[in-house]
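# Descriptive analysis of the structure
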Amino acid sequence: MLRRWNLPILLVSLALIAGACGDSDPEASTTTAAGGTTAPTVAGATDAPTTTAPPSADPVTVRAAITGGEDTLNPYTYISGFPGWNLLMMQYDSLMQLDSAGIPQPWLAESVTSNADLTEFTLTIVQGATWHDGQPLTVNDVKFTFDYFIDNATGRFSRDLRGVESVTVSGNDVVVGLAAPNPAFDLVALADIPILPQHVWEGIATPGDQTFDISTNVGSGPYMLTDYQEDQSYRLKANPDYFRGAPAVDELVVIVFADDAGALAAIRSGEVDVIFERVSPEQIDLLDAQDPLDISQGPEFTTQMINFDVSKRPFDDLAVRKAIDLAVDRQDIVDTVFLGAATIGSPGWVHPDKPVYNPAVAGVHDTAAAIAMLEGAGYLDSDGDGIREFDGQPMSFEMLTNSSDSLRLRISELISEMLAEVGIEVTVASVETATWEQAVWPDFDIANGRNYEMAAWGWSAPVQANTIRIAELVHSDGGIGFLNLTGFGHPDVDTISAALLTEADSATSTSLIMDLQVLIAEQVPFVLLAYPDGAYVYNSEVYADWEFIAGQGIVSKVSLLPPGARP
Amino acid sequence: MRRFGLRRLDQYLVVFIVAVSLNFMLPRLMPGNPLALLAGVDVGLMTPDERAEVIRQVGLDAPLVSQFFDYWRAVLTGDLGFSYRSGRPIGEMIGERLPWTLLITGASLVISAFFGIIIGAFSAWRRGKKSDLTLLTGMIGLQSLPSFWLGMLLISVFAVQLGWLPSFGAVTPASDLTGLAHVRDIAEHAVLPIATLTVLSIPGVYLTMRYSMLEVLGDDFIRTARAKGASESRILFGHVARNAIAPVVTFLAIRFAFAFGGSVIIETVFSYPGLGRLVFEAVSRRDYPVMQAAFLVFTVAVLLANLLADLLYPILDPRMREQ
Amino acid sequence: MSSSATTRRPGKTKSATLADRLGWVGAAIVTALVVMAIAAPWLAPYDPTERVGTPFLPPSADHLLGTNDVGQDLLSELIYGARVSLTVGIVAAIVALVLGTTIGILAGYYPKRLGSFLMRGVDVVLTLPFLPLLIILAAYLGRSLINTILVIGVLIWAGPARVIRSQVLSLRSREYVLASRTMGAPDRWAIVRHVLPRTALLATGTFVRAVSTAILLEAALSFLGLGDPIQKSWGSILFWAQARGAFLTPAWKWWVLPPGLMIMAASLGFALIAFAMEERINPRL
């Protein structure tokens, strides 16, 4: 009877012996908390020492961790906006590339000019760029790409090209004609869309129905996908003939983890060299304190907000919204939940680091003023239970929060505390993500109305990155304001935000957005609490030249190119 | 005997039909739908027509009844379908994860069975004495440990503090190990999950074995053997254990079947790529096909195990055979 | 069931005494925890929902177990946690018991058709995958203490149902039940008068065991993020510890160890009591 058990015991004993004799974790408990004094970086600067890896000595391999697979990483298969799109763009090039300040710079298009009213863009295509299979990149590839995305009209890149009427080739130029002026065309389209090789994609008629393998991944970018293990890893080899110069990192190995706990464990034990996901605030100091690890930190454009249903009582009363805005202590939230790793939210929506930010709309925290406002508007606590009433009912609301975001749950708890001080009772309802989405944005179509009173919400970076998208959040017409989840509407806001979408003159545009910020701060369609920083951990001994692009972070081809090749 | 088997069989069939039908209903009862999963991150930017098209492409716009029939047809032909998230054939996905689940649950089952049976038998033999009492208290104590807490502690001690073992995953990521090095890598990663599962499984086996042994020990059957002059240990191992083993086998069979549902908690704590995590994520994302396929595998496994246990029990337990 | 027609009396008494001793140990543990729960406002140094310090503080004179990720005192959370965890455990076990006993008695008393149908129902429930069921219920019902209790109760009633059913099946053929039926008394009367009282002891033992299981389940649910993270239970303390990465840092000693020990103590206490009761009800030789 005993013989049956021999094998598993043997296996386990072997493992135990092997584990005990093996290399112990070199990083374990050798560092103390004291010493990690790397200050958070300002946008654009990395905190890397100036010693770059020796130029041509040993090949530099960087192992990066991501959480969640990204399929075959071609324009029709990658899964997430971040880091999927970022990894996609290591293999492909766009016509323009964001620099560290987040401004689009010429890239595949060595010069970009437009007419006065921004309805026509002339792109001069760079000479000498080649595809990974050796073929030259020509204007025809660019025209083909535009036509392809327009014809196969679903997906992010097709949406980027909405409004494009004509694409013509003239010598070495591509001329793009738009139906209406698009002041953000460079940011939204030219710096976003990967250029596809005509000779590979012209045979793929219906990309939506296709099953792809990595042989399709022919791009012009600094990296070529040479190996792909589904849900496990990707190997990206440097393209030595890259038109901007050979990349500084010879091989990028991207490893898929099931969750961030695994990725964090891996970087601490030295099994990966960088994590391509944002690190949570409480990890920042801990990781920084561990010797070869460093943090690159800077402002990013995701937002944490409070949404309310402005079409329902009492949120339709401006006094109530304003009082909530005053009662909220944004600094406290940044200090307590984000441990300082966030920028205080601007009531005008626009991020303080943007050139068009209006400093006049700084958030104010004034509990006394909030109370006075509520009292003045007639919301009194008649039965002395600490909760004010409206229309005979207590001001007691549920704040829906998605349970998978623990930082957001803590924010909601703090909001509950802060609003209790002014007599509004907020109960935090932790719900599953799908349920939460369904309540706030039923079927992702605002035509379906709203099923919530208050909710914790947030938008992803691209919404903030393109400032004129504010119209999508606040315009009352569903066709324009399709991200207007609070049901807000105001005639002046409508006029200005709509005008912004097509204003070609940059001075006028700036003045419009300045006015709009003031209006939004006055009208409070939502309460913007904070913009969490992006913090990325990397092993400075393996590779340290990560470039932090304002609003986007370190995950881009720019980080892996030598300094001379960067925009 | 044959009549017995057949009757049980049709009861199992009924249970199977009801359970599988419920498995179809359950995902659709949840609020929300797979739209976000199917359409991807930019779902909010799509037009209603685009969204409707996405739903239509996976057949979710068909009337519920026809979806139900399609589901049953798939079940009966063994077609597990494709994931909404990745578009991969689910059979492949389950095939990838099942071995890892079976590795840790199988190993822990075997080890806990070995120790549980021996210690349980010993405890029953020393019933009432100090050793029995100590063992009993200890085992009840082990059973009261929260599984994830134990796992987290083991990671903190053995992986983080001492650095002896890796703290996550089934293998070292993106390593090109082959042969013995690969086996060693797998073993290193499996030690802590197996240890956790084993510690938590031994008490169950122990208690079942102990109770079963005590029952058998009271039988005239054994007194007869004693009277015949057989030695104590011969009685213990020869007669008692063999007769007491039946409930333990049943217990183990059912335990093994539950392994096919994966062990979500252990897999979460150790980031181990098993079935439990697959199901958890599928449920959170409303990946209906994966949910349905995983539920189906689980239901079939449990029913088969029950059936097996029912058929084996009389063979193993000579007392039942007499009845 | 073993027959007691044997002469091994001395062994029985000895083992019963030792089982009793274990039961008393369990009772002592449970009493201590209940006292801690009731006396929480006096024992705890702070209000656990108040932010009284900087986040992530290690243990100090002011905060014996340090602070959590938003600056709440961990020791106070631990003490108040007894209230929530014990309440959830006990009430969920009550739900499971009521459900299980009702179905068990019905299935045992009417074993032919109703009983068979009910037990097939039990089988179906037992073959449904536990976790997805949990998630679905949680999604459907939302996250709150009541729903956590309901979810746990629904998950663990099948065991008690089986146990009660076996007992009732055997009771059903006893003389007093047969007698009352021949005399024409309604079934309900026979059940209440004869079956229920004799099942009570078994049900109580099952109940206590269910509390032990329920406490562990509440912790597991909270850890997986399926409980109500706003409630201060031992399980939710561990949820936050895991969510904010405490167990990869030295903080595991004061943030992870104590709540786990509490859960273990509570579950152990009830399990020991249940063990002692089971030995009494069904003495093993």
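Residues numbered from 1 in each chain as written. Chains lettered and ligands numbered in written order. Predicted model: local features only at pLDDT ≥ 70, side-chain atom pairs only at ≥ 80, totals over all residues. Heavy atoms only, no water.

## What about the overall build of chain C?
So the rule is basically this: A run of H or I in DSSP counts as a helix once it spans at least four residues, and a run of E counts as a strand once it spans at least two, with each numbered from the N terminus. The buried label applies to any residue whose accessible area, calculated with a 1.4 Å probe on protein chains only, is under 20% of its type's maximum; exposed applies above 50%, and partly exposed to all values in between. Every residue pair with non-hydrogen atoms within 4.5 Å of one another is taken to be in contact. Residue exposure ignores everything except the shown protein chains as possible cover, and the areas themselves are Shrake-Rupley values with a 1.4 Å probe.
When you go through chain C residue by residue, the secondary structure sums to 11 helices and 0 strands. Along chain C, helices (α) and strands (β) appear in the sequence α-α-α-α-α-α-α-α-α-α-α when read from the amino end. Across the 285 residues that make up chain C, the buried fraction comes to 56%. A separation threshold of at least 6 residues defines the contact pool for chain C, and within that pool the share at least 24 residues apart is 71%. On chain C, roughly 11900 Å² of surface is accessible, and the fraction owed to carbon and sulfur atoms is 67%.

## Here's the deal with a nonpolar patch on the surface
Selection criterion: Patch definition: residues above 30% relative accessible area lacking any salt bridge, with like charges linked at up to 9 Å and the nonpolar side chains Val, Leu, Ile, Met, Phe, Trp and Tyr linked at up to 5 Å. Think of a salt bridge as a Lys or Arg side-chain nitrogen and an Asp or Glu carboxyl oxygen that are within 4 Å of each other.
A cluster of nonpolar residues, Val14(B), Val18(B), Leu22(B), Met25(B) and Leu29(B), forms a patch on the protein surface that exposes about 350 Å² of accessible area. Summarising the element assignment, Leu29(B) is placed in helix H1 (residues 2–29).

## Concerning the sheet that holds strand E5 (residues 120–125) of chain A
Residue and element names in this part refer to chain A. Test applied: Pairing between two strands requires that DSSP report at least two bridges joining them. Geometry is summarised by axes, namely lines fitted to C-alpha atoms with helices restricted to the contacting stretch, and by angles between N-to-C directions that run from 0 to 180 degrees.
Read across the sheet, 4 strands follow the order E4-E5-E7-E6 without closing on themselves; strand pairing throughout is antiparallel. Each end of this open sheet is capped by a strand with a single partner; those strands are strand E4 (109–114) and strand E6 (164–170). Geometrically, the sheet is characterised by an average inter-axis angle of 20° between neighbouring strands, direction not taken into account. Sheet topology places E4 next to E5; 5 bridges connect them, and they run antiparallel. In the strand pairing of E5, Ala109 is matched with Ile125. Its contacts with the sheet place helix H3 (residues 139–151) against E5, E6 and strand E7 (173–178), and it is angled at close to 165° to E6.

## Side note on the packing of helix H3 (residues 74–109) of chain C against helix H6 (residues 145–156) of chain C
Residues and elements named next belong to chain C. The condition is simple: In what follows, roughly perpendicular refers to angles from 65 to 115 degrees, roughly parallel to angles under 35, roughly antiparallel to angles over 145, and oblique to any angle outside these ranges. For any helix crossing, the convention is left-handed if the near helix is rotated counterclockwise from the far helix by under a right angle, and right-handed if that rotation is clockwise. The residue classification treats Ala, Val, Leu, Ile, Met, Phe, Trp, Tyr, Cys and Pro as nonpolar and Asp, Glu, Lys and Arg as charged. All others, Gly included, are polar.
At their nearest, the axes of H3 and H6 sit 8 Å apart, and the two run at 45° to each other. Taken as axis vectors, H3 and H6 run oblique relative to one another. H3 and H6 meet at a crossing whose hand is right-handed. The segment H3 lies against H6, with Val84, Val88, Val91, Ala92, Val95 and Ala96 engaging Leu145, Thr148, Ile149, Ile152, Gly153 and Ile156. Of the residues contributing to the contact of H3 with H6, the split by class is 10 nonpolar, 2 polar and no charged.

## What to know about the nonpolar core
The tendency in soluble globular proteins is for nonpolar side chains to be buried side by side. Keep this limit in mind: Only buried residues count toward a nonpolar core, which is a set of Ala, Val, Leu, Ile, Met, Phe, Trp, Tyr and Cys residues joined through side-chain atoms within 4.5 Å.
If you look at the biggest cluster of nonpolar residues, it comprises 219 residues, and the most contacted ones within it are Ile333(A), Trp349(A), Trp459(A) and Phe148(B). At 17 residues, H3(C) tops the list of elements feeding residues into this core. Core analysis: the next-biggest nonpolar cluster, separate from the first, contains 73 residues, Val60(A), Ile66(A), Leu95(A) and Val164(A) among them.

## Focus on the interface of chain B and chain A
The test is simple: Here the quantity called buried area is the total loss of accessible area, with a 1.4 Å probe, experienced by two parts when brought into contact, counted for both.
Contacts between chain B and chain A engage 44 residues on the former and 49 residues on the latter. When chain B packs against chain A, close to 3800 Å² is buried across both sides, 60% of that on carbon and sulfur atoms. Applying the counting rule to chain B against chain A returns 1 salt bridge. Among the salt bridges present, the one from Arg51(B) reaches Asp445(A), with a minimum N-O distance of 3.3 Å. Those elements that place two or more of their residues in the side of chain B that touches chain A are helix H2 (35–39), helix H3 (48–57), helix H5 (90–125), helix H7 (147–161), helix H8 (179–217) and helix H12 (275–285) of chain B. When its residues are assigned to classes, the side of chain B that touches chain A shows 22 nonpolar, 13 polar and 9 charged.

## Overview of the environment of Ser220(A)
Mapped onto the elements of the fold, Ser220(A) is located in the loop between helix H6 (198–201) and strand E8 (223–229). Remark: the alpha-carbon pair of Ser220(A) and Ala377(A), spanning 157 residues in sequence, is separated by 62 Å.

## Quick look at helix H16 (residues 491–502) of chain A
Our working rule: What a helix is expected to span follows from its residue count: subtract one and scale by 1.5 Å.
Here H16(A) is 12 residues long and its end C-alpha atoms lie 18 Å apart, about the 16 Å a rise of 1.5 Å per residue gives. Taken together, the buried positions of H16(A) are Val493(A), Asp494(A), Ile496(A), Ser497(A) and Leu500(A).

## Description of the side chain of Asn147(C)
All names here are of chain C. One can find Asn147 in helix H6. For Asn147, a relative accessible area of 14% gives the class buried. Leave out the neighbours within four places in its chain, and Asn147 touches Leu141 and Gly142.

## Describing the side chain of Asp185(B)
Residue and element names in this part refer to chain B. Quick note on the threshold: Residues scored as positive are Lys and Arg, those scored as negative are Asp and Glu, and His as well as the terminal groups of each chain are ignored.
In this structure, Asp185 sits in helix H8. One buried charge, Asp185, has no salt-bridge partner; the nearest side chain with opposite charge is Arg184, at 7.1 Å. In this structure, Asp185 is in contact with Ala170, Val171, Thr172, Ser175 and Leu177, ignoring residues within four places of it in sequence.

What is shown is where atoms sit, not what they do.
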